[in-house]
Amino acid sequence: MTTPLWIFGYGSLLWDPQFTPVETCRARLSGWHRSFSMRSIHYRGTEQNPGLVLALDAREGAACDGVAMRVDPVDEADVMAMLRARELVSDAYLEVRLQVRCIKGRELDVVTYVIDPQGPQYCDLSLEEQAQIIAQASGARGANADYLRNTTAHLLQMGVEDPDLVWLCARVGEINA
């Protein structure tokens, strides 16, 4: 029997996975922090006017809540090809296998995408700097502010309140008012 393929979503994969999981569970990834630490030059910005997208950044003591999604075995090759084309469009993300714990205690090995802190798209900005960028950036997949709002809304629907994202939503709303 082969090991099931699980994908861990923490940003746009929460609301736009582009595949239908056969099983999901809310899960926590320890040692990683969800943050707007990746400059987006494709989907939510351009090379001339980069936006920001969420990435997992290693941080001792941190944890990121998201969703583990099990892929139908017949779709595994297609899903991985799609994810690699989507997530590895530039050299900002690294594809890794990590372990998450579902809220009911089950541990799973997952594929996820983390930021390369040595890469040219990595950034470490204050929340105010992030808000200023997110409020005005737009790329091939739309407004950066929509990405922020969609992700925050889906996390809240899951019962996950990410204080940084909630603050950013409010601040971006003020900027764009």
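Analysis parameters
Residues numbered from 1 in each chain as written. Predicted model: local features only at pLDDT ≥ 70, side-chain atom pairs only at ≥ 80, totals over all residues. Heavy atoms only, no water. Axes fitted to C-alpha atoms, helices over the stretch in contact; angles between N-to-C directions. Helix = DSSP H or I, 4+ residues; strand = E, 2+ residues; numbered from the N terminus. Parallel < 35°, antiparallel > 145°, perpendicular 65-115°, else oblique. Left-handed = near helix turned anticlockwise from the far one by under 90°. Contact = heavy atoms within 4.5 Å. Nonpolar A, V, L, I, M, F, W, Y, C, P; charged D, E, K, R; others polar. Disulfide = S-S within 2.5 Å. Buried < 20%, exposed > 50% of the residue type's maximum accessible area, 1.4 Å probe, protein only. Polar contact = N/O pair within 3.5 Å; in protein donor to acceptor, adjacent residues only side chain to side chain. Core = buried A, V, L, I, M, F, W, Y, C linked by side-chain atoms within 4.5 Å.

**Thoughts on the packing of helix α2 (residues 127-136) against helix α4 (residues 163-175)**
And then number 1: Contact geometry for α2 and α4: axes closest at 9 Å, N-to-C directions at 55 degrees. The orientation of α2 relative to α4 falls into the category oblique. Every pair of crossing elements has a handedness; the one defined by α2 and α4 is right-handed. Contacts between α2 and α4 involve L127, E128, Q130, A131, Q132, I134 and A135 from the former and D164, W167, L168, R171, V172 and I175 from the latter.
And then number 2: For the contact of α2 with α4, the per-class residue count stands at eight nonpolar, two polar and three charged.

**What about the state of the cysteines?**
And then number 1: As enumerated under the stated definition, the model contains one disulfide in all.
And then number 2: Sulfur-sulfur distance for the disulfide between C25 and C102 comes to 2.1 Å. Looking along the S-S bond of the C25-C102 disulfide, the torsion reads about -40 degrees, which is the left-handed sense. Placement of C25 in strand β2 (residues 23-40) and of C102 in strand β4 (residues 93-102) is noted, with a sequence separation of 77 residues between them. For the pair shown, C25 and C102 are each scored as buried.
And then number 3: Looking at the unpaired C64, the closest cysteine sulfur is the one in C25, lying at 13 Å.
And then number 4: Of the cysteine sulfurs around C123, a residue in no disulfide, the closest is that of C64, at 16 Å.
And then number 5: C123 sits in the buried class, given a relative accessible area of 5%.

**What to know about the side chain of T152**
And then number 1: Within the secondary structure, T152 is located in helix α3 (residues 144-157).
And then number 2: A polar contact is formed between the side chain of T152 and the backbone oxygen of L148, at a distance of 2.8 Å.
And then number 3: Once residues within four sequence positions are removed from consideration, T152 is found in contact with L165, V166 and C169.

**Quick look at the nonpolar core**
And then number 1: Counting residues in each nonpolar core, the largest one holds 53 residues, and the members touching the most others are I7, F8, Y10 and F36.
And then number 2: It is strand β3 (residues 51-70) that provides the largest number of residues to this core, a total of nine residues.

**Details of the environment of A131**
And then number 1: For A131, the position within the fold is in helix α2.
And then number 2: By relative accessible area, A131 is classed as buried at 0%.
And then number 3: Considered as a pair, A131 and L148 are 17 residues apart in the sequence and their alpha carbons are 9.9 Å apart.
And then number 4: For A131, the residues in contact, after removing those within four places along its chain, are W167, L168, R171, V172 and I175.

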